[in-house]
Amino acid sequence: MTLVLGIETSCDETAAAVLEDGRRIRSNVVASQVEVHAPYGGIVPELASRRHLEVIHPVLDRALADAGVGLEDLAALAVTVGPGLVGSLLVGVSVAKAIAFARRLPLVGVNHLEGHIAAAFLESPTLTHPFAALVVSGGHTHLCHVPAECEYRLLGRTRDDAAGEAFDKVAKLLGLGYPGGPAIEREARGGDPRAIPFPRAVFSDGSLDFSFSGLKTAVVHCLRDLGRAAAPSGAPPLGPQQVRDVCASFQQAAVDMLVERVMRAARDHALGVIVVAGGVACNGALRQALKAEAEAEGIQVVVPSPALCTDNAAMIAAAGAVRLRRGERAGWDLNAVASLPLC
Ligand code: KG4
Ligand code: ZN
């Protein structure tokens, strides 16, 4: 039995997990900072790193306790080294290096996006390469061809906002709070997705890139128009049904863009499996729409359960376990890289 301790602090979740033999989650602890950043409507990097410092040790203790093991039982450590907020990443990297040094344990650095994709193997142990992978989160919208273990070919990425960022910004415009994705999805359930014909960006060169800023601007204009229609003198808050319709129509446009690109990628590269990961993969409308389209063409869709879609350390331990098995080891010069590319 091999136990790997995973540590994740790339953004606003402090997370630690113990993984057995690369697949079995013995513990998976996530301390969210949502209440720290909510008053600001987005993540404040300085506050994020400070909170990581405050909670990293209790989170590690809890992960070990939940797994029923001590540091002496570990075989290795895996830590997120990027991409992310550098001050946040450094907390995890420093703690991981200190434990590895003190306990003479092997250590490996993990790309956060590779971690998100690795969550699919925790969910679906029978998953095999090759597949198309869509990573959609607050900071990233990446579409990759994954032909084999640890190999990634970039097929498309966002040219402006990340998908989750668009959900967060639209939620902020509507006064729905942070994080915006779950709030938009909740409101959208009671709305009409065809109420407002928001634009779906496509590139004339056939690129598989994404763009969400035009959609966000269209929402800004729509809110201005609806506000005027409701009361020409000012900008009163929209009625509850208008909010639900805006959310449903925005969500439908975002989902349509994501599904169109990933289906085209799977067809173009003759891939029979699509993996979707990252916080936006929690979205029920996206999961349903993609499953319906893909299954109609005999393509399998693997989406981790919501707890494994949002940032967590089990996915980092899973990606790290693969690299450790392949003999990869980090030196003491391991460092955080804010804009670390996946491919
Ligand atoms: O993967 P994640 O936890 O952190 C990053 O690596 O960014 O993703 C967080 C993002 C946020 O933008 C949040 O609004 C979005 O995922 N998100 C959702 C949903 N749940 C979380 N977006 C749409 N629908 C959801 N249900
Ligand atoms: Zn993430």
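Refer to the structure above for everything that follows.
On a predicted model such as this, the values are computed, not experimentally measured, just so you know.

Some remarks on the pattern of salt bridges
Part 1: Tallying each qualifying case throughout the model produces 20 salt bridges.
Part 2: Asp66 is the partner of Arg62 in a salt bridge, and the nearest nitrogen-oxygen pair spans 3.4 Å. Remark: Asp66 and Arg62 occur in helix H2 (residues 45–67); sequence separation between them is four residues, near one turn of the helix.
Part 3: Residue Arg62 is classed as partly exposed on the basis of its relative accessible area, which comes to 48%.
Part 4: Between Glu185 and Arg189 there is a salt bridge whose closest N-O contact spans 3.8 Å.
Part 5: Since its relative accessible area comes to 15%, Glu185 is described here as buried.
Part 6: One salt-bridge network, in which partners are shared between bridges, spans Asp161, Glu165, Lys169 and Lys216.

A few points about the coordination of the zinc ion (ligand 2)
Part 1: His112 (NE2), His116 (NE2) and Asp311 (OD) make up the full set of protein donors to the zinc ion (ligand 2), lying at 2.0 to 2.1 Å.
Part 2: Coordination at the zinc ion (ligand 2) comes from four donor atoms whose angles at the metal span 93 to 143°, giving a geometry best classed as irregular.
Part 3: Read in sequence order, the donor residues coordinating the zinc ion (ligand 2) give the pattern H-x3-H-x194-D. Here His116 and His112 lie together in helix H4 (residues 112–123), a separation of four residues that amounts to about one turn.
Part 4: For His116, a relative accessible area of 1% corresponds to the buried category.

Quick look at the packing of aromatic side chains
Part 1: Taken as a whole and judged by the stated rule, the model has four aromatic pairs.
Part 2: Centre to centre, the rings of Phe101 and Trp332 are 5.3 Å apart; their planes meet at 80°, and the pair counts as edge-to-face. Here Phe101 is found in helix H3 (residues 86–103), whereas its partner Trp332 is found in the segment after helix H11 (314–325), with 231 residues between them in sequence.
Part 3: Exposure remark for Trp332: the relative accessible area of 48% places this residue in the partly exposed category.
Part 4: Between the aromatic rings of Phe210 and Phe212, the centroid separation amounts to 6.3 Å while the plane-to-plane angle is 10°, which identifies the pairing as stacked. Each member of the pair, Phe210 together with Phe212, is buried.
Part 5: Above the plane of the ring of Phe203 lies Arg159, whose end atom (NZ or CZ) is 3.7 Å from the centre.

Digging into helix H5 (residues 163–173)
Part 1: Among all positions of H5, only Ala163, Gly164, Ala166, Phe167, Asp168, Val170 and Ala171 are buried.
Part 2: Backbone geometry just after H5 places Gly175 at a positive phi near 70°.

Section: unusual backbone geometry
Part 1: Cis rather than trans, the peptide bond between Gly82 and Pro83 has omega equal to -10°.
Part 2: Following the sequence through the fold, Pro83 ends up in the loop between strand E4 (76–82) and H3.
Part 3: With an omega of 0°, the peptide bond between His129 and Pro130 qualifies as cis.
Part 4: The phi dihedral of Arg104 falls on the positive side, at around 50°, and the residue is not glycine.
Part 5: Structurally, the position occupied by Arg104 is in the loop between H3 and strand E5 (107–111).
Part 6: Its relative accessible area of 73% is what places Arg104 among the exposed residues.

About the cut-offs
Residues numbered from 1 in each chain as written. Chains lettered and ligands numbered in written order. Predicted model: local features only at pLDDT ≥ 70, side-chain atom pairs only at ≥ 80, totals over all residues. Heavy atoms only, no water. Salt bridge = Lys/Arg side-chain N within 4 Å of Asp/Glu carboxyl O. Helix = DSSP H or I, 4+ residues; strand = E, 2+ residues; numbered from the N terminus. Buried < 20%, exposed > 50% of the residue type's maximum accessible area, 1.4 Å probe, protein only. Donors = N, O, S within 2.8 Å, 3.2 Å for Na, K, Ca; no water. Tetrahedral: all angles 85-135°; square planar, octahedral: opposite > 155°, others 65-115°. Phe/Tyr/Trp six-rings, centres within 6.5 Å; stacked < 30°, edge-to-face > 60°. Lys NZ or Arg CZ within 6 Å of the ring centre and 35° of its normal.

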